[in-house]
Number of protein chains: 2
Amino acid sequence: LNYFLGIDPGLSEVGFGIVKLEKNEPFFVDCGIIKTTPALPFGERLSLIKKDLKEILSLHSFAAVGIEELFFVKNITNGIKVAHARGVIFEELSSRGLAIHEFKPTEVKANICGNGHADKLQVQIMVQKLLHLNQLPKPHDAADALAIAILTSRVHKL
Amino acid sequence: LNYFLGIDPGLSEVGFGIVKLEKNEPFFVDCGIIKTTPALPFGERLSLIKKDLKEILSLHSFAAVGIEELFFVKNITNGIKVAHARGVIFEELSSRGLAIHEFKPTEVKANICGNGHADKLQVQIMVQKLLHLNQLPKPHDAADALAIAILTSRVHKL
């Protein structure tokens, strides 16, 4: 039980990142995004996210999962939709009895980059450094999810 | 396939109402609320809503389900939570291949009461009248859900 999953919730793109903790240091396992196209009916997009999440959860026995909280500063209409998707994700995690840690975006950036207002490139650079990757983790949502996974591995008490 | 389900989404209370269409007229079948206490962890509240919804959906073969859209005029923080619950509900409905109709609250009131800004008591009175009930349907969320079920039965093309 030394695997940690990070999730950057969204509707068009859900970022996920997996790290493994060895001797208290996080190592890269996997990352990517679940994509859903606006061409699909809303309910099918939610089901697609659920299906792909189930697949990711079946890959490892996770010690804990981290997921970002939502902030609707710019676009409330889109934020409501993302909250629907996050609800589906949250219910799936909870129903499996997984330990869930929630973080504000600024909390993740402050912990990983030392600056709560770090930009997306800075997050990628720090995740690359912390996980000793040969290149920048991409896309942004997957890098954010890895940052969340790293933070989760730090705060979770085994 | 002449049963129609109406859902008034929420987190603490999800209203549900079931009507049956006979000779193009709606008849009362059932109504009530799914309650979740804030004392439970958020994920468990979402799972409880899902579990109770599944039970309601198992009662009849529904021709269609109506569900209200969300409006966050007053409290965005609470609205985000309700959107999580609505996401869980929406995904469950969609995954069963049910026809889903979405209505704005003003649309429901305009159709049932002839006034998009009717208050909760007016909705109860009109639902009582339309369904020939001996008393006012209670609580408010269940009455709203019956109004949504009636409207769904009107707009759904069989």
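For the structure, see preceding data.
Residue positions are counted from 1 within each chain, in the order its sequence is given. Working convention: letters from A go to chains and numbers from 1 go to ligands, in the order in which they are written. Where local features are concerned, this predicted model is filtered to residues with pLDDT of at least 70; where side-chain atom pairs are given and counted, the filter is 80 or more; whole-chain, interface and lining totals use all residues. Calculation of side-chain values draws on the structure's entire complement of heavy atoms; hydrogens and water are dropped beforehand.

Visitor: Hey, could you run me through the overall build of chain A in this one?
Guide: Regarding its fold elements, chain A presents five helices and five strands. Helix numbering and strand numbering both begin at the N terminus, where a helix is a DSSP run of H or I of at least 4 residues and a strand a DSSP run of E of at least 2. Seen in sequence order, chain A has helices and strands lined up from the N terminus as β-β-β-α-β-α-β-α-α-α. The size measure is the radius of gyration over C-alpha atoms, and the globule rule it meets is 2.2 Å times the number of residues to the 0.38 power. Taking 15 Å as the expected radius of gyration for a compact globule of 158 residues, we find that chain A reaches 15 Å, a close match to that expectation. Principal-axis analysis of the C-alpha atoms places the extent of chain A at approximately 45 × 30 × 25 Å. Only protein chains enter the area calculation, which uses a 1.4 Å probe; residues under 20% of their type maximum are buried, those over 50% are exposed, and those in between are partly exposed. Looking at chain A as a whole, 53% of its 158 residues are labelled buried. Here a residue-residue contact requires only that any non-hydrogen atoms of the pair lie within 4.5 Å. Sequence-distant contacts in chain A: of pairs separated by 6 or more residues, those separated by 24 or more amount to 60%. Looking at chain A as shown, the accessible area adds up to about 7500 Å², and 52% of this sits on carbon and sulfur atoms. All tallies of charge rest on Lys and Arg as positive and Asp and Glu as negative; His and the ends of each chain are not included. Positions of charges follow a simple convention, taking NZ of Lys, CZ of Arg, CG of Asp or CD of Glu. The positive charge centre, built from 18 side chains, and the negative charge centre, built from 17, are 1 Å apart in chain A. Only the protein chains shown count as covering a residue, and every accessible area follows the Shrake-Rupley method with a 1.4 Å probe.

Visitor: Just to check I follow, could you spell out the packing of helix α1 (residues 42-57) of chain A against helix α2 (residues 76-95) of chain A for this structure?
Guide: All names here are of chain A. Between N-to-C directions, angles span 0 to 180 degrees; the directions come from axes that are lines fitted to C-alpha atoms, helices contributing only their stretch in contact. At their nearest, the axes of α1 and α2 sit 10 Å apart, and the two run at 35° to each other. Where α1 crosses over α2, the two elements pack in a sense that is right-handed. Mapping the contact onto sequence places Phe42, Leu46, Ile49, Lys50, Leu53, Lys54 and Leu57 in α1 and Lys81, His84, Ala85, Val88, Ile89, Glu91, Glu92 and Leu93 in α2. Each residue receives one of three labels: charged for Asp, Glu, Lys and Arg, nonpolar for Ala, Val, Leu, Ile, Met, Phe, Trp, Tyr, Cys and Pro, and polar for the others, Gly being one of them. Considered class by class, the residues forming the contact of α1 with α2 number nine nonpolar, one polar and five charged. Crossing chirality is assigned from the near helix's rotation relative to the far helix, an anticlockwise turn below a right angle marking it left-handed and a clockwise turn marking it right-handed.

Visitor: Whenever I open this one, the side chain of His101 of chain B confuses me. Can you help?
Guide: All names here are of chain B. Within the element layout of this structure, His101 appears in strand β5 (residues 100-103). What qualifies as a polar contact is a pair of N or O atoms within 3.5 Å, subject to a donor-acceptor requirement within protein and to the restriction that residues adjacent in sequence count only when both atoms come from side chains. Of the polar contacts made by the side chain of His101, one reaches the side chain of His156; its length is 2.8 Å. The residues touching His101, leaving out its near neighbours within four places in the chain, are Ala64, Val65, Gly66, Ile67, Thr152, Val155 and His156.

Visitor: Where do I start with the relation of the copies chain A and chain B in this structure?
Guide: Put simply, the two copies of the chain differ by a rotation about an axis and a shift along that axis. Copies overlap after least-squares fitting; the atoms used are the C-alpha atoms of residues with pLDDT of at least 70 in both. Note on the identical chains: chain A maps onto chain B by a rotation of 180° and an axial translation of 0.0 Å, with an RMSD of 0.0 Å. The transformation just described matches what one would write down for a two-fold rotation axis. When the interface residues of chain A are mapped onto chain B, 100% of them are again interface residues, pointing to one common binding face.

Visitor: Can you walk me through the sheet that holds strand β1 (residues 3-8) of chain B in this structure?
Guide: Each strand in a sheet pairs with another by means of backbone hydrogen bonds, the pair being arranged parallel or else antiparallel. All names here are of chain B. In this scheme, strands are said to pair when DSSP sees at least two bridges between them. The five strands lie next to each other as β3-β2-β1-β4-β5, forming an open sheet whose pairing is mixed. The sheet terminates laterally at β3 (25-35) and β5, the two strands that pair on one side only. Geometrically, the sheet is characterised by an average inter-axis angle of 20° between neighbouring strands, direction not taken into account. As paired strands, β1 and strand β4 (residues 62-68) are joined by five bridges and run parallel to one another. Counted as the bridge partner of Gly6 is Gly66 from β4. Each of β4 and β5 is contacted by helix α3 (residues 105-113), which is oriented at about 90° to β5, the strand it contacts most.

Note that all results are geometric; they support no functional claim without further evidence.
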